[in-house]
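Reading the structure
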Amino acid sequence: MRKYAIGAVVSGALALSAVAVPSASAATPDLSFSGVVVNNGKPIVVGTTNLVKVPVTYTFVRPAGLVIDGEQNSAGVLLYRGSSLAKQENELGPDDMPTCTTTATTATTVTQSCKEVIAVDPQEYLYEAADAGTWKIAGFYSATALDNDDSDNHVGMQFGYDMWGVPGTAQVKRAAKLTVNATPEPVKKGATLTVKGVLTRADWNTGKYAGFKGQPAVLQFKAKGATAYKTVKTVTTGTAGALSTTVKASADGTYRYTFAGTSTTGTATATGDYVDVR
């Protein structure tokens, strides 16, 4: 579990040395999480090293008498992978307390618009290819009850944690990289150009990028002075993600490969290679 989901309230409770809190566990509060939007509705694309900060927004409804302080209790939204709440295989949650603004109140409830950030460190939270794909959404609540008055020769701390399934999903994808190299350079007009490249994607198990075989990459060309690329042909990656095809050199311009991505892998576009045709 993430620091905010559990650790913050446990450490906060241990820090309360001046005030005794009843040790009996409080009942689970009636909470509601809805309208969750993860990463502005876009896939979460993660490489092998860089931290990816994922914005999350949602509507939160709590009892009017319940205050979420981030020390003795916490609440927020997290992502999980698995067949059900009870059978999670991995989890991604916030490190810090959400920022919430009250939008409506009644005698019994408070409705808030909340924002939080889920920081995804691939070296710490993503372990295998199965982590790429569809993740589910859950709301959580955690709380501690501390009795540190030892006048009765007893101290104690109780911890409670609740999760609720929330409609919606988020896509987590492996980042992809693409290269291109057209040779020879310069080239005579009408001669054959060989355009090579390599498509790789993040392997979270090894922490490196590995070739992605059997994928379509589109070769594009932008003539000198033009403002847009035009499609030349589609090439399928081979062993270790290698790309290679030939074209006739017709004019000065830039060649590049593009990859549209898959359900588990992000898009990629190679930095163009300019060719001087003489």
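From a predicted model like this one, the values you see are computed outputs, not experimental measurements. (Residues numbered from 1 in each chain as written. Predicted model: local features only at pLDDT ≥ 70, side-chain atom pairs only at ≥ 80, totals over all residues. Heavy atoms only, no water.)

**Some thoughts on the pairing of strand β12 (residues 192-203)**
- With three bridges connecting them, strand β10 (residues 176-178) and β12 associate as antiparallel partners. Its bridge partner being in β12, L178 is matched across the sheet by L199.
- Sheet analysis places β12 next to strand β16 (residues 242-248), joined by seven bridges and oriented antiparallel. If you follow V195 over to β16, its bridge partner there is T245.
- Pairing of β12 with strand β13 (residues 208-211) involves four bridges; the strand directions are antiparallel. Of the residues in β13, the one forming a bridge with A202 is Y209.
- With antiparallel pairing between neighbouring strands as the criterion, β12 and β13 make up a hairpin whose turn holds four residues, including G207 at a positive phi of roughly 75 degrees. (Pairing = 2+ DSSP bridges. Helix = DSSP H or I, 4+ residues; strand = E, 2+ residues; numbered from the N terminus.)

**Considerations on the side chain of Q220**
- In this structure, Q220 sits in strand β14 (residues 216-223).
- For Q220, a relative accessible area of 13% puts it in the buried group.
- One polar contact links Q220 to R256, side chain to side chain, over a distance of 2.7 Å.
- Not counting chain neighbours up to four residues away, the residues in contact with Q220 comprise Y229, K230, T231, V232, T254, Y255, R256 and T258. (Buried < 20%, exposed > 50% of the residue type's maximum accessible area, 1.4 Å probe, protein only. Polar contact = N/O pair within 3.5 Å; in protein donor to acceptor, adjacent residues only side chain to side chain. Contact = heavy atoms within 4.5 Å.)

**Structural notes on the confidence of the model for the protein**
- In the predicted model, the protein carries a mean pLDDT of 92, and 91% of its residues have values of at least 70.
- With pLDDT under 50 throughout, residues 12-25 is counted as low confidence; its partners more than four residues away or in other chains account for 26 contacts. (pLDDT = per-residue confidence, 0-100.)

**Considering the environment of T246**
- Structurally, T246 can be placed in strand β16.
- Residue class for T246 comes out partly exposed when judged on its relative accessible area of 42%.
- As a C-alpha pair, T246 and P167 span 79 residues in sequence and 49 Å in three-dimensional space.
- Sequence-distant contacts of T246, defined by excluding residues within four places in its chain, comprise T192, L193, T194 and K233.

**Regarding the pattern of salt bridges**
- Here the structure, examined in full by the defined rule, presents four salt bridges.
- Here D276 makes a salt bridge to R278, at a shortest N to O gap of 3.0 Å.
- We classify D276 as partly exposed; its relative accessible area is 26%.
- With a relative accessible area of 65%, R278 lands in the exposed category.
- Each member of the salt-bridge network shares a partner with another, and the members are R81, E89, E128 and D131. (Salt bridge = Lys/Arg side-chain N within 4 Å of Asp/Glu carboxyl O.)

**Quick word on the state of the cysteines**
- Across all of its chains, the model carries one disulfide by this definition.
- Two residues, C100 and C114, share a disulfide whose sulfurs are 2.1 Å apart. Residues C100 and C114 are joined by a disulfide whose S-S torsion is about 110 degrees; by sign, that bridge is right-handed. Note that C100 is positioned in strand β6 (residues 99-105) and C114 in strand β7 (residues 109-120), a separation of 14 residues in sequence.
- On the basis of relative accessible area, C100 is assigned to the partly exposed category, the value being 30%.
- Judged by its relative accessible area of 1%, C114 is buried. (Disulfide = S-S within 2.5 Å.)

**Some thoughts on the sheet that holds strand β1 (residues 32-38)**
- Within the open sheet, the four strands sit side by side as β1-β3-β7-β6. Their pairing is antiparallel. Each end of this open sheet is capped by a strand with a single partner; those strands are β1 and β6. With direction set aside, neighbouring strand axes in the sheet form an average angle of 20 degrees.
- With five bridges connecting them, β1 and strand β3 (residues 52-63) associate as antiparallel partners. Each residue of the ladder has a partner; that of S34, found in β3, is T59. (Axes fitted to C-alpha atoms, helices over the stretch in contact; angles between N-to-C directions.)

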